[in-house]
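Take a look at the letters that make up each chain.
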Amino acid sequence: ERIEGLAPAIAIEQKTVAHNPRSTVGTVTEIYDYLRVLMARLATPYCPECDNPVSTQTAVDITNHLLDFPEGTRLVLAAPLHWQPTIDPDNLWQDLRTSGLVRVRINGKMYTLDDVPRLSSTASYDIEAVVDRITISEANRSRIADSVELALSLGTGVMLAIDPDSDEDETRWKVVRHSQLLACRKCGYSMQTLTPHSFSFNSPLGWCPDCEGIGTQTGTSPALLIDPGMSLNEGAIRMWPIASELGPVMLHSICKATSIPADVPVEKLTSGQRRMLLYGTDDRWFRATNAKGVEFEFQWKGLFPTLEQATRLSPQLRQKLAPFVAEVACAACDGSRLNRDGHFKNSQRNFLSAIFCNEYSLQQSRRRL
Ligand SMILES: [Zn+2]
Ligand SMILES: [Zn+2]
């Protein structure tokens, strides 16, 4: 079956324009400018670390959310304080006393303000003001609402609801963040408010800093390197030395310490977990034991940096790795050209890049289809 002679829904004039590697049909026709406005107003942002929807909450939303817990649940409400070594702790404790508070949490441990340990000016601390210990009940609504307000004002828009589980060490109690700012509730990643600039790959405000809005890079192709349908245990990373004795031991140690599941397909990992695999875990040290029972420590620098370094070190290796190198979608923005806040791991982002992708990503999406 076929239909012929259908008029195009949108027709654009052919014109000669200055060549710019960032130009697309969308930017040349200026349709993209309207879409940026639409996206800034209507899009739901997603956390680039854990792919959860990110939203703002009002104090009333947070109170209602807390009241959704089963009646009788006990919670500790706290406010994270932005403590820096330059702040005099005694002044801070005095300010908290003035606000009517009696307890603080330092690195997860609770102290009354009268027996706080001395803080070292060289160490870093997570300090939270304990605002209230509440029991969930509709009858307590106004007290909970007041405490939420106080916690939000002390925490400049952010507060914590801590679940005091008596079976667990207090430093491991479950903490849920609530924020009046645009922030992820799970990991606390905070985002800029979305504006049309957030979606502009022609400006430093919106472009991906790694490819400066071009969307591609010359480098190792993740598609060639990783089989997304396989799990790490099954050998999803093609270059991983599974055959060698240390390969599986190191992989196990990294997965255990970072909570990256080794038995689910790589495509099901969160963006943050995939980024750890590709770009490493900074200066963190992992421990593992070799077959002779000797313990050793190592750092995980990530697949991309490791391969890049390897090709620089030896011409033979460079030749061996050549099949893995290609003009590929920028790994930082996944080819979307936008920075982390503007590129979403969901249909909305696909919507934008599907309409305005460059020639390269067009080929890619055709291949995917
Ligand atoms: Zn998150
Ligand atoms: Zn990029």
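Just so it is clear, the structure is predicted and the values come from calculations on it, not from any experiment.

Moving on to the overall build of the chain. Secondary structure summary: the chain contains twelve helices and ten strands in total. Across the 369 residues of the chain, 41% fall into the buried class. Taking the intrachain contacts of the chain between residues at least 6 apart in sequence as the baseline, contacts between residues at least 24 apart amount to 65%. Only carbon and sulfur atoms are counted for the fraction: they give 52% of the accessible area of the chain, which is about 21900 Å².

Turning to the pairing of strand β9 (residues 295-299), a few remarks are in order. One ladder, built from five bridges, connects strand β8 (residues 285-289) with β9; its direction is antiparallel. Within the sheet, the bridge partner assigned to A288 lies in β9 and is F296.

A contiguous nonpolar patch, built from I10, I12, V25 and I31 and spanning about 380 Å² of accessible area, is present on the exposed surface. With respect to the helices and strands, I31 occurs in helix α2 (residues 31-42).

What the rule picks out here adds up to nine salt bridges. Across the pair D114 and R97 runs a salt bridge whose closest N-O atoms are separated by 3.5 Å. Of this pair, D114 sits in the loop between β3 (109-112) and β4 (127-135) while R97 is found in helix α4 (residues 89-98), placing the two residues 17 residues apart along the sequence. For R141, the salt bridge goes to E138, with nearest N and O atoms at 2.7 Å. On the accessibility criterion, R141 (32% relative accessible area) is partly exposed. In the salt-bridge network here, residues are joined through shared partners; they are R287, E295 and E297.

What follows deals with the side chain of D132. With respect to the helices and strands, the residue D132 is situated in strand β4. The exposure class of D132 is buried, given its relative accessible area of 12%. Within the local environment of D132, its side chain forms a polar contact with the side chain of S147, the two groups lying 2.7 Å apart. The residues contacting D132, other than those within four sequence positions of it, are L75, V76, L77, R143 and S147.

Right, let's talk about the sheet that holds strand β5 (residues 158-163) for a bit. The strand order β3-β2-β4-β1-β5-β6 describes an open sheet built from six strands, whose pairing is antiparallel. Either end of the sheet is taken by a strand with one partner, and the two such strands are β3 and β6 (174-179). The sheet shows a mean angle of 35° between the axes of neighbouring strands, direction not considered. Where helix α3 (residues 59-67) meets the sheet, its contacts fall on β1 (74-81), β5 and β6, and the angle it forms with β6 comes to roughly 150°. Sheet contacts for helix α5 (residues 141-154): β1, β4, β5 and β6; angle to β4, the most-contacted strand, approximately 175°.

Definitions and cut-offs
- Residues numbered from 1 in each chain as written.
- Chains lettered and ligands numbered in written order.
- Predicted model: local features only at pLDDT ≥ 70, side-chain atom pairs only at ≥ 80, totals over all residues.
- Heavy atoms only, no water.
- Helix = DSSP H or I, 4+ residues; strand = E, 2+ residues; numbered from the N terminus.
- Buried < 20%, exposed > 50% of the residue type's maximum accessible area, 1.4 Å probe, protein only.
- Contact = heavy atoms within 4.5 Å.
- Areas by Shrake-Rupley, 256 points an atom, 1.4 Å probe, with all protein chains shown as cover.
- Pairing = 2+ DSSP bridges.
- Patch = residues over 30% accessible without salt bridge, like charges linked within 9 Å, V, L, I, M, F, W, Y side chains within 5 Å.
- Salt bridge = Lys/Arg side-chain N within 4 Å of Asp/Glu carboxyl O.
- Polar contact = N/O pair within 3.5 Å; in protein donor to acceptor, adjacent residues only side chain to side chain.
- Axes fitted to C-alpha atoms, helices over the stretch in contact; angles between N-to-C directions.

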